[in-house]
Amino acid sequence: MQIAASFLHSIPPLLPSLYLALIYAFDFCLLNFLGVGFRFASYIDNYMVLQKEPAGAVIWGFGIPGAIVTVTLYQGQEINMKKVTQVKAPSNTWMVILDPMKPGGPFEMMAQQTFGTRNITLKVHDILFGDVWLCSGQSNMQMTVLQIFNATRELSSAAAYQSVRIFSVSLIQAEQELEDLDAVDLPWSKPTSENLGQGNFTYMSAVCWLFGRYLYDTLQYPIGLISSSWGGTPIEAWSSGRSLKACGILNQGPIPQDSVTGPSEHSVLWNAMIHPLQNMTLKGVIWYQGESNMNYNRDLYNCTFPALIEDWRQTFHHGSQGQTERFFPFGFVQLSSYLSNDNSDDGFPQIRWHQTADFGSVPNLKMPNTFMAVAMDLCDRNSPFGSIHPRDKETVAYRLHLGARAVAYGEKNLIFQGPLPENIELLAHKGLLSLTYYQQVQVQRQDDKIFEISCCSDHQCKWLPVPMSTFSTQTLTLDINSCYGTVDALRYAWTLWPCEYKQCPLYHPSSTLPAPPFIIAK
């Protein structure tokens, strides 16, 4: 600085234009030397939704170390708040936390960087405050509205939901954790038939959109939806090294290529598509993944999935300076049905069970503040995208939103999951097994194969189908006379394809929610 100043003072006064040009050139070089240009983080843009009260929305970006950044939120001509911070070295980042805001808008936001006599101003317009949900997973989350049942109706109704804003992360992988997104597929946008139906597996997730639309119908305030998903990817790609280590997964294992079509290297999608969002203030997450773990670390999914949830919660809570709740709500879709040529029929049932950490339902002790949509009855044998991609995403999202209303929003007396037995009694003298459910159960049809018992004799056990015998509003009996040994275990819907479309035997009578699959040993 002193050398440059003495050099400039030595310039003859007869050359003012050259003197001025040198000053500007020196300033420009200095700004570039000191760091990156002044900008918001990649996902802070026009039309965005920021998290409403009681949390404060985090606003951050990049600038010149030591520069002062002033963030102003205003509505019309009225200034709502001002926040001042400084750009930190060596990260070249700045961050402010807005005061908690009531839902609504639109608002404008201005960020001004002051460095010496230089001011640079950025503006973002049409901001709403509401609830922000992150949607992630593999291809069933990535499917667009164009690919689902009732697509034409859904696309034409998009214009009625201008307060539900959408954002989609580009498909990027990285070997190290990225600070910001490398690319954005769809910047914050109002929904249109074009960006909801851009193409197959392109732009906006149908499950994410429908979930947000159902929430908006109930809550009647803005919803922000962020889609970050990639088809054919195992959970290990979405997990940090920390969470994989917690489950004893230390090295990359060989992955069967028949179940994985996207990136499979450990942590590469966490690094590039989730970690860069960590500073964002979120309401919650929904997740649809598991198909690619049918033949890869399947037996560890009861650890890797709860570990992912815990790690994401820690990361977002810390990254948002405590604004995202430590145990924010986390919803997921239990795997649907699949027509497979594989002789093994156990992959999907095992993953479904492990998705609940082997409890059968959520929330539970290992998975607090979670909710689940059962989808095994939403099969689609004629799907043009393969039976592994059923097109009824509307029912999936509806069931998810019921869980969100109960778990995330505390709505009382809302049925959000199907019936599970709370007590099983062996009536050996009658040749019956009696199941008592904790809520009402409706037997939609008799089925002689969907219940199975493990029948053991001579130290060998075999699974046998058992017919349903009698039932009432909360009890069901099974005829076990086919077993000439000891009944060692009971399971329900333990197959790739448990039933035809919405034709499983057991539902809750008032909500059309199917009883989830389970396995219970003595």
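Cut-offs used in this document
Residues numbered from 1 in each chain as written. Predicted model: local features only at pLDDT ≥ 70, side-chain atom pairs only at ≥ 80, totals over all residues. Heavy atoms only, no water. UniProt positions renumbered as here; feature names shortened; annotations may be inferred. Helix = DSSP H or I, 4+ residues; strand = E, 2+ residues; numbered from the N terminus. Buried < 20%, exposed > 50% of the residue type's maximum accessible area, 1.4 Å probe, protein only. Contact = heavy atoms within 4.5 Å. Disulfide = S-S within 2.5 Å.

- Looking up the chain in an unreviewed UniProt entry gives the name Sialate O-acetylesterase, with the organism given as Spermophilus dauricus.
- Under the Subunit (unreviewed entry) heading, UniProt states for the chain: "Disulfide-linked heterodimer of a small subunit and a large subunit."
- Per UniProt, the chain carries the Subcellular location (unreviewed entry) text "Lysosome".

**Description of the UniProt feature "transmembrane region" (unreviewed entry) in the chain**
- Mapped onto the present numbering, the UniProt feature "transmembrane region" (unreviewed entry) falls on residues 18–42 and 54–74.
- Along residues 54–74 one finds 0% helix and 57% strand; the C-alpha atoms at either end are 19 Å apart.

**Overview of the environment of Glu 175**
- For Glu 175, the position within the fold is in the loop between strand S9 (164–169) and strand S10 (184–189).
- Glu 175 sits in the exposed class, given a relative accessible area of 63%.
- Separated by 103 residues in sequence, Glu 175 and Thr 72 place their C-alpha atoms 36 Å apart.
- In contact with Glu 175, not counting residues within four places along its chain, are Val 268 and Asn 271.

**A short note on the state of the cysteines**
- Tallied over the full model, the rule gives 5 disulfides.
- Across the disulfide, Cys 499 is cross-linked to Cys 504 (sulfur-sulfur distance 2.0 Å). Because the sign of the S-S torsion sets the handedness, a value of about -65 degrees for the bond joining Cys 499 and Cys 504 places this disulfide among the left-handed ones.
- Taken in sequence order, the bonded cysteines of the chain link in the pattern 1-2, 3-4, 5-8, 6-7, 9-10.
- No disulfide involves Cys 379; its sulfur sits 6.0 Å from the nearest other cysteine sulfur, which is in Cys 499.

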